Structure formats: C-alpha cells, structure tokens
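Listed here are the chains, written in short residue letters.
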Amino acid sequence: QVQLLESGGGLVQPGGSLRLSCAASGSISSINTMGWYRQAPGKQRDLVAAIARDDTINYADSVKGRFTISRDNAKNTVYLQMNNLKPEDTAVYYCSMYVKYLGWTTYWGQGTQVTVSS
C-alpha cells in the first residue's frame, strides 16, 4: 500500500506565504510525476503545479511567479512554496503522485485547507 500525507495548510493574510509538504510512504519502487491540485467550493479540481522526475515543471498561469514546486526524491516528498497569496488561492490543496507499486498508479493525499483572508 502507498499513502500520501500532506501538511502545511492553514489561514494566512493576503500577501502572506505558506509551504505545503506531501510525503509518500509504503512499498514504493519509483515515483514519476508529483503534483499539487486545488479545489475551491463548487469548482472542479485543477492542476496548480507538477514536477516530473527529470525536474520538468508545469504551473497554472494563475500561480506563475508566486508558487514554487520542488521535490526530494530521497524522501519521496514534494513541496509547494506559496508566496504573495491571494484570496482566490483559497481552496483545498491535494497532492498527487504517479507511483510504481506493483504497477503504476496515481495516488492522492487527503487534502489540506488553505484559506487566504484578512
């Protein structure tokens, strides 16, 4: 079994920063793409940022220049540094990893709430 555990969400004022972490545990052979998605109330879950094993990175246009995704392969962990947060960044953030455990499967974290409000 593979589990993803997220941490780092919370309440922050506009212009503030947060750092999300997501660590994978279990019988993992390899992890390809790691990513962060978010879902606001009444909206679909959208990609925020993704990083491949070769460090190729994609960002949603709305977060470019403000968010930074990174990974630590030795720790099976992905990070999302979020700066200059805006109220429209408020959402539940989910990490996702494409993991080789027996076969290749996409796993999801449980979600962490990020609220940007004054």
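Residues numbered from 1 in each chain as written. Predicted model: local features only at pLDDT ≥ 70, side-chain atom pairs only at ≥ 80, totals over all residues. Heavy atoms only, no water.

1. Let's talk about the state of the cysteines
Here comes step 1: Applying the stated criterion to the full structure yields 1 disulfide.
Here comes step 2: At a sulfur-sulfur separation of 1.9 Å, the disulfide partner of Cys-22 is Cys-95. Of the two residues, Cys-22 is situated in strand 3 (residues 18–26) and Cys-95 in strand 9 (residues 91–101); the sequence distance between them amounts to 73 residues. As far as burial versus exposure is concerned, Cys-22 and Cys-95 are alike and both buried. (Disulfide = S-S within 2.5 Å. Helix = DSSP H or I, 4+ residues; strand = E, 2+ residues; numbered from the N terminus. Buried < 20%, exposed > 50% of the residue type's maximum accessible area, 1.4 Å probe, protein only.)

2. A look at the sheet that holds strand 1 (residues 2–7)
Here comes step 1: Taken in spatial order, the 4 strands line up as 1-3-8-7 in an open sheet, and their pairing is antiparallel. Each having just a single partner strand, strand 1 and strand 7 (67–72) make up the two edges of the open sheet. Each adjacent strand pair in this sheet contributes to an overall mean axis angle of 15°, direction not counted.
Here comes step 2: Relative to strand 3, strand 1 runs antiparallel, the two sharing 6 bridges. (Pairing = 2+ DSSP bridges. Axes fitted to C-alpha atoms, helices over the stretch in contact; angles between N-to-C directions.)

3. Points about the pattern of salt bridges
When their charged atoms lie close together, side chains carrying opposite charge are able to pair.
Here comes step 1: Evaluated as defined, the whole model comprises 3 salt bridges.
Here comes step 2: Two residues, Asp-89 and Arg-38, come together in a salt bridge whose shortest N-O distance is 2.9 Å. Highlighted residues: Asp-89 in the loop between strand 8 (77–82) and strand 9 and Arg-38 in strand 4 (residues 30–39), separated in sequence by 51 residues. The two residues Asp-89 and Arg-38 agree in class, both being buried.
Here comes step 3: For Asp-61, the salt bridge is made with Lys-64, and the minimal N-O distance between the two is 3.0 Å. Just as Asp-61 is exposed, Lys-64 falls in that class too.
Here comes step 4: Here the residues in one salt-bridge network are Arg-38, Arg-66 and Asp-89, joined through shared partners. (Salt bridge = Lys/Arg side-chain N within 4 Å of Asp/Glu carboxyl O.)

4. Quick look at unusual backbone geometry
Here comes step 1: One non-glycine residue, Asn-76, adopts positive backbone phi at about 50°.
Here comes step 2: Locating Asn-76 in the fold gives a position in the loop between strand 7 and strand 8.
Here comes step 3: Unusually for a residue other than glycine, Asn-84 sits at a positive phi of about 50°.
Here comes step 4: Structurally, the position occupied by Asn-84 is in the loop between strand 8 and strand 9.

5. A few points about the side chain of Thr-77
Here comes step 1: By the secondary structure assignment, Thr-77 is in strand 8.
Here comes step 2: There is a polar contact of 2.8 Å between the side chain of Thr-77 and the backbone oxygen of Lys-75.
Here comes step 3: The residues touching Thr-77, leaving out its near neighbours within four places in the chain, are Cys-22, Ala-23, Met-34, Ser-70, Arg-71, Asp-72 and Met-97. (Polar contact = N/O pair within 3.5 Å; in protein donor to acceptor, adjacent residues only side chain to side chain. Contact = heavy atoms within 4.5 Å.)

6. Focus: the nonpolar core
Here comes step 1: Formed by 28 residues in total, the largest nonpolar core has its most connected members in Trp-36, Val-78, Leu-80, Met-82, Tyr-93 and Met-97.
Here comes step 2: For this core, the elements supplying multiple residues, two or more each, are strand 1, strand 3, strand 4, strand 5 (46–51), strand 7, strand 8, strand 9 and strand 11 (112–116). (Core = buried A, V, L, I, M, F, W, Y, C linked by side-chain atoms within 4.5 Å.)

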